[in-house]
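# Breakdown of the fold
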Amino acid sequence: MYLSRFLSIHALWVTVSSVMQPYPLVWGHYDVCKTQIYTEEGKVWDYMACQPESTDMTKYLKVKLDPPDITCGDPPETFCAMGNPYMCNNECDASTPELAHPPELMFDFEGRHPSTFWQSATWKEYPKPLQVNITLSWSKTIELTDNIVITFESGRPDQMILEKSLDYGRTWQPYQYYATDCLDAFHMDPKSVRDLSQHTVLEIICTEEYSTGYTTNSKIIHFEIKDRFAFFAGPRLRNMASLYGQLDTTKKLRDFFTVTDLRIRLLRPAVGEIFVDELHLARYFYAISDIKVRGRCKCNLHATVCVYDNSKLTCECEHNTTGPDCGKCKKNYQGRPWSPGSYLPIPKGTANTCIPSISSIGTNVCDNELLHCQNGGTCHNNVRCLCPAAYTGILCEKLRCEEAGSCGSDSGQGAPPRGSPALLLLLLTALLGTASPLEF
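Assigned secondary structure in the chain consists of seven helices and 24 strands. Evaluated residue by residue, the chain yields a buried proportion of 41% over its 440 residues. Pairs at least 24 residues apart make up 62% of the contacts formed inside the chain by residues separated by at least 6 positions. When the accessible surface of the chain is summed, it comes to about 24700 Å², and 55% of that surface belongs to carbon and sulfur atoms.

Here the focus is the pairing of strand β11 (residues 173-179). Burial of β11 is extensive: five of the seven residues sit out of reach of the surface. Two strands pair when backbone bridges link them, and strand β10 (residues 159-165) and β11 are joined in this way by six bridges, in the antiparallel orientation. Opposite I161, over in β11, you have Y177 as the bridge partner. Pairing between β11 and strand β12 (residues 206-207): two bridges, direction parallel. Looking across to β12, one finds that Y178 is bridged to T207.

Take the sheet that holds strand β7 (residues 118-119) next. Across the sheet, which stays open at both edges, the four strands sit in the order β7-β15-β9-β13 with antiparallel pairing between neighbours. Edge positions in the open sheet fall to β7 and β13 (220-223), since each of these has one partner strand only. Where β7 lies against strand β15 (residues 287-292), two bridges are found, and the strand directions are antiparallel. Counted as the bridge partner of W118 is I288 from β15.

Grouped together as the largest cluster of nonpolar side chains are 59 residues, with contacts concentrated most on W118, I134, W138, I150, L266, I288 and I291. At six residues, strand β8 (residues 132-144) tops the list of elements feeding residues into this core.

Looking at the chain, the pLDDT average stands at 82 and 79% of residues meet or exceed 70. Between residues 1-28, whose pLDDT stays under 50, and residues either more than four places distant or in other chains, the model counts 11 contacts. In this model residues 409-440 is a low-confidence stretch, pLDDT under 50, and it forms 21 contacts with partners more than four residues away in sequence or in other chains.

Buried within helix α4 (residues 240-249) we find M240, L243, Y244, G245 and L247. On its buried face, α4 is in contact with α3 (225-233) and α5 (251-256).

Attention now moves to the packing of aromatic side chains. One pass over the structure, following the stated rule, counts 14 aromatic pairs. For the ring pair F223 and F256, a centre distance of 6.4 Å and an interplane angle of 40 degrees mean the geometry is tilted. With F223 in strand β13 and F256 in helix α5, this residue pair connects regions lying 33 residues apart in the sequence. Note on accessibility: F223 and F256 belong to one class, buried. Ring pairs connect the aromatic residues Y175, F223, F229, F256 and F257, which therefore count as one cluster. For K34, the ring lying beneath its charged end belongs to W45, and the centroid distance is 4.5 Å. The residue whose ring lies beneath R263 is W172, and the NZ or CZ to ring-centre distance is 4.2 Å.

Turning to α3, a few remarks are in order. Taken together, the buried positions of α3 are occupied by I225, R228, F229, A230, F232 and A233. Residues of α3 that are buried in the fold lie against β8, β9 (148-152), β11, β13, α4 and α5. Of the residues flanking the end of α3, it is G234, one or two places downstream, whose phi is positive at about 90 degrees.

The next subject is the state of the cysteines. Taken as a whole, this structure holds nine disulfides when the rule is applied. With a sulfur-sulfur separation of 2.1 Å, C182 is cross-linked through a disulfide to C206. Between C182 and C206, the S-S torsion sits near -85 degrees, and that sign places the bridge as left-handed. Of the two residues, C182 is situated in helix α2 (residues 182-186) and C206 in strand β12; the sequence distance between them amounts to 24 residues.

Here we take up unusual backbone geometry. In this structure, P345 follows L344 across a cis peptide bond, with omega equal to -5 degrees. Looking at the secondary structure, you find P345 in the loop between β20 (328-329) and β21 (378-380). Residue P347 is bonded to the preceding I346 through a cis peptide linkage, with omega at 5 degrees. Along the chain, the position of P347 falls in the loop between β20 and β21. Positive phi values are uncommon outside glycine, yet N300 reaches one of about 60 degrees. At C326, a position not held by glycine, the phi torsion is positive, near 55 degrees.

At a closest axis distance of 7 Å, the pairing of α3 and α4 adopts a crossing angle of 100 degrees. As far as their axial angle goes, α4 and α3 are roughly perpendicular. Contact with α3, carried on its side by F229, F232 and A233, involves M240, S242, L243 and Q246 of α4 and no other residues of that element. Of the residues belonging to the contact of α3 with α4, the class tally is five nonpolar, two polar and no charged.

Definitions and limits used
Residues numbered from 1 in each chain as written. Predicted model: local features only at pLDDT ≥ 70, side-chain atom pairs only at ≥ 80, totals over all residues. Heavy atoms only, no water. Helix = DSSP H or I, 4+ residues; strand = E, 2+ residues; numbered from the N terminus. Buried < 20%, exposed > 50% of the residue type's maximum accessible area, 1.4 Å probe, protein only. Contact = heavy atoms within 4.5 Å. Areas by Shrake-Rupley, 256 points an atom, 1.4 Å probe, with all protein chains shown as cover. Pairing = 2+ DSSP bridges. Core = buried A, V, L, I, M, F, W, Y, C linked by side-chain atoms within 4.5 Å. pLDDT = per-residue confidence, 0-100. Phe/Tyr/Trp six-rings, centres within 6.5 Å; stacked < 30°, edge-to-face > 60°. Lys NZ or Arg CZ within 6 Å of the ring centre and 35° of its normal. Disulfide = S-S within 2.5 Å. Axes fitted to C-alpha atoms, helices over the stretch in contact; angles between N-to-C directions. Parallel < 35°, antiparallel > 145°, perpendicular 65-115°, else oblique. Nonpolar A, V, L, I, M, F, W, Y, C, P; charged D, E, K, R; others polar.

Have a look at this one:
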């Protein structure tokens, strides 16, 4: 009884496994652009949507600070300790590596002790605002795939805006506002991403969740990408098919997660109280130890590889496309308008390959008028003849066995193929040899 039950369960598992095999547990890797498959016409390419792997995009960015001289240390100055704002004997000195805090320390490997960080000058010119713009540029369109995480070594700012650009910094749009008091700072009611829904996922909000002032244990600010994905893919992002379907059909949603540049606008440092202590202005500054931005090159689902060469990211385009984002068809492959690939249908998507232009078709390609496919072959998109199994060649004019040198007199394939020039010559000779004299 137990054996038969075991065999039944095993058979059921084999059946379920075979049914599920083509569908990965995590949808949408799209890590292959094409593969060779076997058809009745032989081995052909099967094209599919594809995209690069998600990676740490801070390895490829350029950072710019405005004002450019806002980094501390030139001239050297003292500032107050992070944990004790009244212990003001720490020094920032740009000429001494151990005491310098340049911008590149926002993106170096963290894990060392003490931690490394960029730091601004202190608020010594109060009441003039202490404001800094930190611009991160890729010179390439990228798609965000995970939360943007900013780790402050100082207290988190009382007021900050995260902005994005889609046109390489020419115009900017807010991504999210951060403040200890949203109504006072930006005339907005405070919200969190948890207050949003599928219908309001693109709403620009102000949050007070990450602006707790001068608190040593609370240093991180998030821009929640995954929480927004979760409105479509579920809390653990298991239903990626639903998310990809939405991205495929809703351009505004796709553009929301797409950037060429990010800008962090630090508008007011952590004060931690209602009034600024003018006797201890060295306790007010910005310091960032780490910025994390994960994403992938936007290649319009036409590439799996994005190369970094000469300080520039470029997609290695497939599907007969070209351009930094694979955003147009290659020369001589404009037989139909360019289109991005599609995530649908799951799991392989649709490649939407560029096809040859009619004007670029050579004289050795079929056209169903002068260059007919022979031996039962059919002309496919004026690009090639789809030949029956026994024939090959540009116009299906050759026997496969001839090409392989295996045609025998008893193989049934020793005669010249139908429709070939040799066969026409034989027929013409026979006709001329047997026909009656022509009468005029």
